[in-house]
Amino acid sequence: VIPQGFNFTETKKAKYSKNKILTFAYAGVFYEKIRNPKIFFENLTTLDVDFKFIIYSNLGTLFTKQIIAKYKNILQNKLEIRQSINRTELIYELSKLDFLINQNNISKSQTPSKLIDYTLTGRPIYSYTQKNVKVSEFKLFLEGDYTNETKIDIKKYDINNVVKIFENLF
């Protein structure tokens with residue numbers, strides 16, 4: 001299997017420093033059946049800590065609009081919605097945050113490009129599934145313990161390495 005390749009030379013990161021208010025983000029849309037964040041949002045409503053959760057989305061689906069509206073009403077200033085931005089700018093903006101949120105695909109057969117972009121930010125990644133938020137792991141993230149962060153081998157997605165794989169085929 002030859003993975004999709006990305007040009008990493010275009011990637012720019014901000015110099016990270018811990019945010020005054022714990023700040024984390026998710027970039028993308030949600031879908032009721034395959035990427036439903038309800039369990040994650042419900043977990044956020046129980047937290048007794050100050051935080052800011054930023055969602056970058058084009059609100060492209062009715063479900064995304066509805067679920068974000070519901071939890072914006074509950075979380076108020078703790079939830080910030082921003083319009084989607086281009087990939088290069090997004091990576092830069094996400095690199096300023098304390099950590100990032102990934103909801104795993106139901107299918108395990110492919111790595112979402114979101115994880116590639118998130119890894120390029122250099123920030124820790126908390127992953128959960130649609131049916132299971134490991135609350136104890138998430139609380140560790142809130143405390144700055146990223147022992148259980150999601151990691152991928154970013155080198156295999158570098159376009160230079162992907163080209164070499166193709167060249168070796170001939």
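This text goes with the structure placed above it.
An account of the accompanying structure is given in this report.

1. Quick look at the packing of helix α3 (residues 87-94) against helix α4 (residues 113-121)
Working step 1: Packing of α3 against α4 leaves a shortest axis separation of 8 Å and a crossing angle of 50°. Between α3 and α4, the interaxial angle falls into the category oblique. The two elements α3 and α4 cross, and the hand of that crossing is right-handed. Residues Arg 87, Ile 91 and Leu 94 of α3 pack against Ile 116, Asp 117, Tyr 118, Leu 120 and Thr 121 of α4.
Working step 2: In the contact of α3 with α4, the residues fall into five nonpolar, one polar and two charged.

2. Points about the sheet that holds strand β5 (residues 125-128)
Working step 1: Judged by pairing direction, the sheet is parallel, and its five strands sit side by side in the order β3-β2-β1-β4-β5 without closing on themselves. Only two strands of the sheet have a single neighbouring strand rather than two, namely β3 (79-83) and β5. Strand after strand, the sheet turns through a mean of 25° between neighbouring axes, direction not considered.
Working step 2: The sheet contact formed by strand β1 (residues 22-27) and strand β2 (residues 51-57) spans six bridges and is parallel. Across the sheet, Ala 27 pairs through a bridge with Tyr 56, a residue of β2.
Working step 3: Those strands touched by α3 are β1, β2, β3 and β4 (99-103), and its axis lies near 175° from that of β2.

3. Things to note about the packing of aromatic side chains
Working step 1: With the rule as written, the count across this model stands at 18 aromatic pairs.
Working step 2: An angle of 80° between the planes, with centres 5.3 Å apart, marks the rings of Phe 40 and Phe 138 as edge-to-face. Note that Phe 40 is positioned in helix α1 (residues 38-45) and Phe 138 in helix α5 (residues 135-142), a separation of 98 residues in sequence.
Working step 3: Its relative accessible area of 1% is what places Phe 40 among the buried residues.
Working step 4: Geometrically, the ring pair formed by Phe 99 and Phe 141 is edge-to-face, given 5.2 Å between the ring centres and 70° between the ring planes. Placement of the pair is Phe 99 in strand β4 and Phe 141 in helix α5, with a sequence separation of 42 residues.
Working step 5: By relative accessible area, Phe 141 is classed as buried at 0%.
Working step 6: In this structure, Lys 114 is placed above the aromatic ring of Tyr 26, and the distance from its NZ or CZ to the ring centre is 4.4 Å.

What counts as what
- Counting of residues starts from 1 at the beginning of each chain's written sequence and follows it residue by residue.
- At least 70 in pLDDT is required for a residue's local features to be given in this predicted model, at least 80 for side-chain atom pairs to be given and counted, and no such filter applies to totals for whole chains, interfaces and linings, which use all residues.
- Excluded from the side-chain calculation are hydrogens and water; included are all heavy atoms of the structure.
- To obtain an axis, a line is fitted to C-alpha atoms, over the contacting stretch when the element is a helix, and the angle between two such axes runs from 0 to 180 degrees between their N-to-C directions.
- Secondary structure is summarised from DSSP: a helix means a run of H or I of at least four residues, a strand means a run of E of at least two, and numbering begins at the N terminus for each.
- Should an angle fall under 35 degrees it is taken as roughly parallel, and over 145 as roughly antiparallel, whereas 65 to 115 is taken as roughly perpendicular and any remaining angle as oblique.
- A clockwise turn of the near helix away from the far one marks a right-handed crossing, whereas an anticlockwise turn of less than a right angle marks a left-handed crossing.
- Throughout, a residue-residue contact means that at least one pair of heavy atoms, one from each residue, lies within 4.5 Å.
- Side-chain classes are defined by residue name, with Ala, Val, Leu, Ile, Met, Phe, Trp, Tyr, Cys and Pro counting as nonpolar, Asp, Glu, Lys and Arg as charged, and the others, Gly among them, as polar.
- For two strands to be treated as a pair, DSSP must find at least two bridges joining them.
- Only Phe, Tyr and Trp rings take part, Trp by its six-membered ring, and two of them pair if their centres are within 6.5 Å. Stacked means planes under 30 degrees apart, edge-to-face means over 60, and tilted covers everything else.
- Summary of the burial criterion: residues with accessible area below 20% of their type's maximum are buried, those above 50% are exposed, and those between are partly exposed, where the area comes from a 1.4 Å probe applied to protein chains only.
- To sit over a ring, a charge needs its Lys NZ or Arg CZ within 6 Å of the ring centre and within 35 degrees of the ring normal.

Just geometry here; none of it tells us what the structure is for.
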